[in-house]
Amino acid sequence: MGSAPKAVGRSLNGWNAEYLDAQYALYRQDPDSVPVDLRWFFEGFELARGELGSLEHGTFAGAGPSRAPSSAPQGQGASGHKVAAVAELIRQYRSQGHIAAAIDPFGRERPMPPLLSPYAHGLSDADLDTPFEAIGMSFDAPRPLREIVATLDQTYCGPIGVEFMHIEDDAERQWIAERLERTANRPSLSADDRRVLLNQLVAAESFEKFLHTRYPGEKRFSLEGSESLIPILHATVEECAEQGAEEIVMGMAHRGRLNVLRNILGKTNEQIFTEFEDTWEEDFVEGGGDVKYHRGYSGEYQTRAGKRLWLAMASNPSHLEAVGPVVLGRTRGKQRTKGDADRTRVIPVIIHGDAAMIGQGVVAESLNFSQLPGYFVGGSIHVVINNLIGFTTSPEYSRSSRYCTDVAKIIQAPVFHVNGEDPEACLHVARLAVEYRQRFRKDIFIDMLCYRRWGHNESDEPSFTQPLLYDLINKKPSAMKTYAERLLAEKVITEDEMSSVRAELDAAYDKAQVASRSKPFDPTIDPGSRKWQGFGKAYSHAPVQTGVPLSELQEVARAMGRAPEGFHVHRKLKRLLEQRAAAADSLDAEIDYATAESLAYGSLLVEGTPVRLSGQDSRRGTFSQRHALLRDVETGAEYMPLNFIREVGDPQTDRVVGEPGADGKPRQARLCVYDSPLSEEACMGFEYGYSLTDPHQLVLWEAQFGDFVNGAQIQIDQFIASAEIKWQRWSGLVLLLPHGYEGQGPEHSSARLERFLQLCGDDNYQVVYPSTAAQVFHLLRRQVRRPFRKPLVVMTPKSMLRVNTSVVRELVEGRFQELIDDPAFDPSLAAGDKDRADREASRKQVSRVIFCSGKFFHELRERRDAIGRRDVAIVRVEQLYPLHEQMLRDILGRYPAGAEVVWAQEEPRNAGAYRFMEAMLREKTGGRVTNVNYIGRSDSSTPAVGSKRKHKEQQEAILVSAIGPKPGEKNAPTAVEIEGVMDESAEMEGAPKEPSPSSARPAAASNARRQ
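Residues numbered from 1 in each chain as written. Predicted model: local features only at pLDDT ≥ 70, side-chain atom pairs only at ≥ 80, totals over all residues. Heavy atoms only, no water.

Chemist: When you look at the overall build of the protein chain in this model, what are you seeing that I'm missing?
Modeler: Each helix and strand in the protein chain was counted, giving 32 helices and 27 strands. Its C-alpha atoms put the protein chain at 115 × 70 × 65 Å along the principal axes. A total of 1011 residues make up the protein chain; the buried ones form 60% of that total. The contacts in the protein chain between residues at least 6 apart in sequence include a share of 78% that link residues at least 24 apart. As presented, the protein chain carries roughly 38,600 Å² of accessible surface, and 49% of it is formed by carbon and sulfur atoms. Between the mean site of the 123 positive side-chain charges and the mean site of the 141 negative ones, the protein chain shows a separation of 4 Å. (Helix = DSSP H or I, 4+ residues; strand = E, 2+ residues; numbered from the N terminus. Buried < 20%, exposed > 50% of the residue type's maximum accessible area, 1.4 Å probe, protein only. Contact = heavy atoms within 4.5 Å. Areas by Shrake-Rupley, 256 points an atom, 1.4 Å probe, with all protein chains shown as cover. Lys, Arg positive; Asp, Glu negative; His and termini not counted. Charge placed at Lys NZ, Arg CZ, Asp CG, Glu CD.)

The following block contains the structure:
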């Protein structure tokens, strides 16, 4: 059976006189022979020079005296020593009172730490009535020790246990202690307040009972046993409004979600019952949608004082805690659009389960970045529904720490452990939590200890695994029933009032159910509302204008190469800045990927589009290619050149972007680039959440190496790839994933392109592997210039980041091309009539069409040009998904029908794009292609070899098999002769083992079936 919280050893409430005598005898022989808590107790006992006694105080009941205490500690010095002893007792209550707090929902006795005994500090019964200065407490005059202890006991050992002494900041600790001790940690509630509180419990319980009766067997993940969550959230929202908040972004798992949606966010009974009736079809016609306890919602909340807040509940998957960083990113985005620089007007509230809170690493990742500049949201309010069990796992098997919230201590966040059976205590801690968050801009935790009346879901049998716990649960009246009896006894309410409230709710439920059966009510929210007005969900290949005038590129380039006067640039960067300043001096200037990327960002900023980029090394760039931020080598001062192209808009909101600055030019938007903590899942989730708030900005997350993206696979699977069809949530998030084989081993070669392609469907996102600087320039600009938003996954280069692959003219006149035909055979690129005729004639002689993607194109072309082959065409598939099928058919139609079709890649055959493109080439070309031969590495369980020599051998064998050996090199090994590489075309009947540079392959063999 679970306990609350996890028990740690045995202590005073479990000791009897015989046990203490026996342990004391051992202690006298060898102090190290007894547990440390007993040793501390006996040390204090001997310090007092007296015998074991007891205070007439409820906390110590259960540990009866074995001998009469002495009247006073012998050898006690001046009264100042006793004052110090009392101060230490106060400190121990603040530090350890939570261990003995009455927070268990079943009232089970909890251990009393020995240091909460006055005897442990040299005090005795004779001191109980002696007035002492209670240092640090809010008494206006000295108080008898008995009164001090009583106040401490009520404050720290009642239904609220508080952990805050681990906080280093004195001001925070003193603030919390003062707030707790001046009221003995209890709220002051009017009769009306208490009636409202009871009504909230009635609403929470009656909703669950109605669903349990009318929809038996339906999963709903009931809140029964945890109903005090509803008063906690009501109090949180009400206090947030009083503290100046305008919006709350919420995230929670499935436990109690429907209840929260109904009673807090205002989702109607009709909408919820429509989901139970399963009569809403629109979300499911395309095979999408999600279950009712995963969906998000938003609505306006009006407080008792008449103030209004907007509440937004994020959609979430069953992957517990994954929604947390999404909520934080969404909060940060909303704070930016509202100009909430103080982080007090938009507040995140995250609701956890106890087992998930401690079990999922994304929680610690999110806490870690909570105080970092790029991720700071002013603190979150965390509420833990601690039902003492995780599915079927008890606390002693689910964590090593005392509390599920111990992870909060990594950021020195205070924790309120509260008995969920005491709704007034729950309301009290909610108000305190909001007040603390708004004052100190830090996370705070409410750990509500409660229980789960049913199993993990309503069809689960919990007594299989927790028979003793569920024996207690089955006998326990609800928190609502207990509180109602209390208010009835105190004459705060009457039986008639209770009956009236229940009857009114039941009638409303009945009416809503009848209505939902006669006509479905849309249970979803419109994804195209507010800032998303004008955006649609349909993907289109229709081109958009992404070219930029040369004068604007030059303006951006000059800013990229400029540093303020007196700024000491690193000597190795001076040449780079000079090159950047001159990057767009002419239309024919050559340009590399890194420069084109920065020009894309700069041009967007000038046009008023904000850009946010985060990643583990994004400011400098993992490959020292970006240098978005410069540091003064003498002072450490920071300078971000792209924020000084023109006068920037409001540094927090960009609200005046576009309006004239002091120089008369329209103000630019702001670039934010952050080096992230060493996290993938939480950081990607944060950026995904940020991207949901405003489609009119470019939001990017960059992996240090593409290989590490799999650390965020949950975010990719559950949000980025599927959120649109599950929850109708649109996002334009860009993932930049360095990818490419350069002999750096299995951990620095592959961004697992194949995994993204396996998730493709419903035009859910875009997967691209651009091969030139111009392509990435137009790609990034296209992402925020189209009338829809889809996530964008980019395989970015590593070794080719600073290799010139385009000219500036392409940035001015071009656009992104989903596929690129071989320029060697493109008549439109001809220098004259003769060249055009030669190209057209050469195209007719092509016997092999190689399809490939990304950086490998350059190696293939270089080899072909080196040996002068004219019978091989190389076609680049720049956007793998959504595939531009018409463009694919058009390009194939330009080559002879009998030409062999090959897919060549660096990655293993079971990785990369081969299996995806092989199917596309066969299925989407109208019967033109019946067989696709493969040239590349063999199937492998690892992305790449660890040997640089072996890598070069494999890479060379692929090039030899695809194009031919280097000029003058004879007997070069082909793919069939090098381990780990394969050439399917060499296995074809009649196909030559080694391609000849002077002749085409026999057409009859090119598309023959493999034998």
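There's plenty left to go through after this.
Chemist: What is the right way to look at helix 31 (residues 948–962) in this model?
Modeler: Residues spaced three or four apart along an α-helix point in a common direction, a consequence of the helix completing one turn every 3.6 residues. Across its 15 residues, helix 31 extends 21 Å between first and last C-alpha, which sits within 8% of the 21 Å expected from 1.5 Å per residue. With eleven of 15 residues buried, helix 31 lies mostly within the body of the structure. For helix 31, the complete set of buried residues consists of Lys-950, His-951, Gln-954, Gln-955, Glu-956, Ala-957, Ile-958, Leu-959, Val-960, Ser-961 and Ala-962. Buried positions along helix 31 lie against strand 22 (848–852), helix 28 (856–867), strand 25 (900–908), strand 26 (933–937) and strand 27 (981–983). Where helix 31 begins, the capping side chain belongs to Ser-947, and its oxygen is found 3.3 Å from the backbone nitrogen of Arg-949. Within two residues after helix 31, Gly-964 carries a phi angle of roughly 145°, on the positive side. (Expected span 1.5 Å × (residues − 1). Polar contact = N/O pair within 3.5 Å; in protein donor to acceptor, adjacent residues only side chain to side chain.)

Chemist: Please clarify how the pairing of strand 4 (residues 247–252) should be interpreted in this entry.
Modeler: Put simply, side chains in a regular strand alternate between the two faces of the sheet. In terms of burial, strand 4 is a largely internal element, six of the six residues being buried. Across the two faces of strand 4 the burial is the same, with Glu-247, Val-249 and Gly-251 and Ile-248, Met-250 and Met-252 all buried. In the sheet, strand 4 pairs with strand 7 (residues 346–353) via six bridges, with the strands oriented parallel. Bridge assignment links Ile-248 to a residue of strand 7, and that residue is Ile-347. (Pairing = 2+ DSSP bridges.)

Chemist: Got a minute to help me understand the sheet that holds strand 22 in this structure?
Modeler: Pairing between sheet strands relies on hydrogen bonds along the backbone, with the strands arranged either parallel or antiparallel. Spatial ordering of the open sheet is given by 21-23-22-25-26-27, a layout of six strands whose pairing is mixed. Of all strands in the sheet, those bounded by a partner on one side alone are strand 21 (819–820) and strand 27. Judged from the two bridges that link them, strand 21 and strand 23 (residues 872–877) form a sheet pairing that is antiparallel. For Leu-819, the partnering residue across the bridge sits in strand 23 and is Val-877. Contacts between helix 30 (residues 914–923) and the sheet are confined to strand 22, strand 23, strand 25 and strand 26, with strand 25 contributing the most and set at about 165° to the helix. (Axes fitted to C-alpha atoms, helices over the stretch in contact; angles between N-to-C directions.)

Chemist: Which parts of the structure should I look at to understand unusual backbone geometry?
Modeler: Note: most peptide bonds trans; most residues except glycine with negative phi. With an omega of -10°, the peptide bond running from Tyr-881 to Pro-882 counts as cis. With respect to the helices and strands, the residue Pro-882 is situated in the loop between strand 24 (879–881) and helix 29 (885–893). With a phi close to 55°, Gln-728 is a non-glycine residue in the positive phi region. Of note, Gln-728 is situated in the loop between helix 23 (723–727) and strand 17 (734–738). Phi at Asp-763 is positive, roughly 50°, even though this residue is not glycine. Within the secondary structure layout, Asp-763 lies in the loop between helix 24 (753–758) and strand 18 (766–768).

Chemist: What exactly am I supposed to notice about the sheet that holds strand 15 (residues 671–675) here?
Modeler: One open sheet accounts for seven strands, arranged 15-12-16-17-19-18-24; its pairing is mixed. What marks the edges here is a single partner per strand, and that holds for strand 15 and strand 24. On average, adjacent strands in this sheet sit at an angle of 20° to one another, irrespective of strand direction. The pairing of strand 17 with strand 19 (residues 792–796) spans five bridges and is classified as parallel. Note that in strand 19 the partner of Pro-738 across the bridge is Thr-796.

Chemist: Looking at this structure, I do not really get helix 28. What am I missing?
Modeler: Taking 1.5 Å of rise per residue, twelve residues should cover 16 Å, and helix 28 covers 17 Å from first to last C-alpha, within 8% of that figure. Of all the residues in helix 28, the buried ones are Phe-856, Phe-857, His-858, Leu-860, Arg-863, Arg-864 and Ile-867. The elements touched by buried residues of helix 28 are strand 20 (804–807), strand 22, strand 23, strand 25 and helix 31. Phi for Gly-868, located one or two positions after helix 28, is positive at around 75°.

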